[in-house]
Amino acid sequence: MKIKSANFVMSNSNVANCPKEHLPEYAFIGRSNVGKSSLINMLTQRKSLAKTSGRPGKTQLINHFKINENWFLVDLPGYGYARVSKKDKKTFQKYITDYFIERQQLVCAFVLIDIRHEPQKVDMEFLEWMGENQIPFCMIFTKADKLKPKAIENHVNAYIKELLEGVWEEAPNYFVTSSTNGMGQEELLGFIEELNTN
Ligand code: GTP
Ligand code: MG
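Residues numbered from 1 in each chain as written. Chains lettered and ligands numbered in written order. Predicted model: local features only at pLDDT ≥ 70, side-chain atom pairs only at ≥ 80, totals over all residues.

Draft legend 1. How the structure looks around the overall build of the protein. For the protein, the count of helices and strands is six helices and seven strands. For the protein, the C-alpha radius of gyration of 16 Å lies close to 16 Å, the compact-globule estimate for 198 residues. When the backbone C-alpha atoms are referred to their principal axes, the protein occupies close to 40 × 35 × 35 Å. Evaluated residue by residue, the protein yields a buried proportion of 33% over its 198 residues. Restricting the contact set of the protein to residue pairs at least 6 apart, pairs at least 24 apart contribute 72%. (Helix = DSSP H or I, 4+ residues; strand = E, 2+ residues; numbered from the N terminus. Rg over C-alpha atoms; globule rule 2.2 N^0.38 Å. Buried ≥ 20, exposed ≤ 12 C-beta atoms within 10 Å, placed from the backbone. Contact = placed C-beta atoms within 7 Å.)

Now the structure itself:
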């Protein structure tokens, strides 16, 4: 799919105030600093459409970006931000969980996982929460440019194995991406295009 236009529409912290249009929408969620905003820029090939930072906790609100005038990408704040208290770290911010539960327009959420790391409790808990609440999602392994192809394969396999040893009966759909070298861009846009036309 060719991205002809990508425009910031609004930021807010209340799902009730999100755009009223009934257009298909895709949201990016995952730990702070995993690369959600960078991936939105990579997919749309707009360098600074979504604000990124080397410091975790950059994105603080629900951000809607309208793509090709007929669907939305949504950038969300991260969870598991290291500088919040242990108690807060466990509970995902309420406006984020409200967004997933209430947003009718959401077609698929993308849960981002840093490919370099071992499975983290907070990600496992979030994936479990998505399953329990029947929110459609895929996983996206990010920062694949940091590993060699063999290591990418090993890390993905180890992650899937751990999921299947836990509560999951089958592995969620997943993509491997790099915002630095564009890996996964065509696959992800193709996936979205197919969902948009169904
Ligand atoms: P929050 O908004 O704080 O939750 O973070 P985020 O998930 O939106 O992460 P962001 O896109 O701001 O990126 C965090 C850092 O990771 C930045 O320094 C990015 O340059 C870097 N980064 C993101 N994606 C990639 C990637 O694919 N490869 C590499 N090497 N670095 C990346
Ligand atoms: Mg961000």
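Having seen it, we continue.
Draft legend 2. Main features of the sheet that holds strand S2 (residues 25–30). Pairing is mixed across the open sheet formed by seven strands, whose spatial order is S1-S3-S4-S2-S5-S6-S7. Edge strands, defined here as strands with exactly one partner in the open sheet, are strand S1 (6–12) and strand S7 (174–176). The sheet shows a mean angle of 25° between the axes of neighbouring strands, direction not considered. Direction of pairing for S2 relative to strand S4 (residues 71–75): parallel, over a ladder of four bridges. Bridging across to S4, Phe28 finds its partner in Asp75. Relative to the sheet, helix H4 (residues 121–132) contacts strand S5 (106–114) and strand S6 (137–142), its axis offset from that of S5 by approximately 165°. (Pairing = 2+ DSSP bridges. Axes fitted to C-alpha atoms, helices over the stretch in contact; angles between N-to-C directions.)

Draft legend 3. Quick look at the confidence of the model for the protein. Taken residue by residue, the protein gives an average pLDDT of 93. The fraction at 70 or more is 94%. Reported confidence for the predicted complex is 0.99 by ipTM and 0.95 by pTM. (pLDDT = per-residue confidence, 0-100.)

Draft legend 4. Spotlight on the site of ligand 1. In the vicinity of ligand 1, 23 residues are found, and the nearest of them are Gly35, Ser38, Thr52, Thr59 and Gly78. Element by element, the count of residues in the shell around ligand 1 is highest for helix H1 (residues 36–44), at three residues. Looking at the shell around ligand 1 residue by residue, the class counts come to three nonpolar, 15 polar and five charged. (Near = placed C-beta within 6 Å. Nonpolar A, V, L, I, M, F, W, Y, C, P; charged D, E, K, R; others polar.)

Draft legend 5. Main features of the environment of Lys51. Following the sequence through the fold, Lys51 ends up in the loop between H1 and strand S3 (62–67). A residue is classified by how many C-beta atoms lie within 10 Å of it, and Lys51, with 14 of them, is partly exposed. In this structure Lys51 touches Ser37, Lys58 and Thr59, once residues within four positions along its chain are discounted.

Draft legend 6. Representation of unusual backbone geometry in the model. With phi around 50°, Asn68 is a residue other than glycine that occupies positive phi space. Relative to the elements of secondary structure, Asn68 occurs in the loop between S3 and S4. The exposure class of Asn68 is partly exposed, given the 14 C-beta atoms found within 10 Å. Non-glycine residue Lys143 carries a positive phi angle of around 65°. By the secondary structure assignment, Lys143 is in the loop between S6 and helix H5 (149–165). The buried category is assigned to Lys143, around which 23 C-beta atoms lie within 10 Å.

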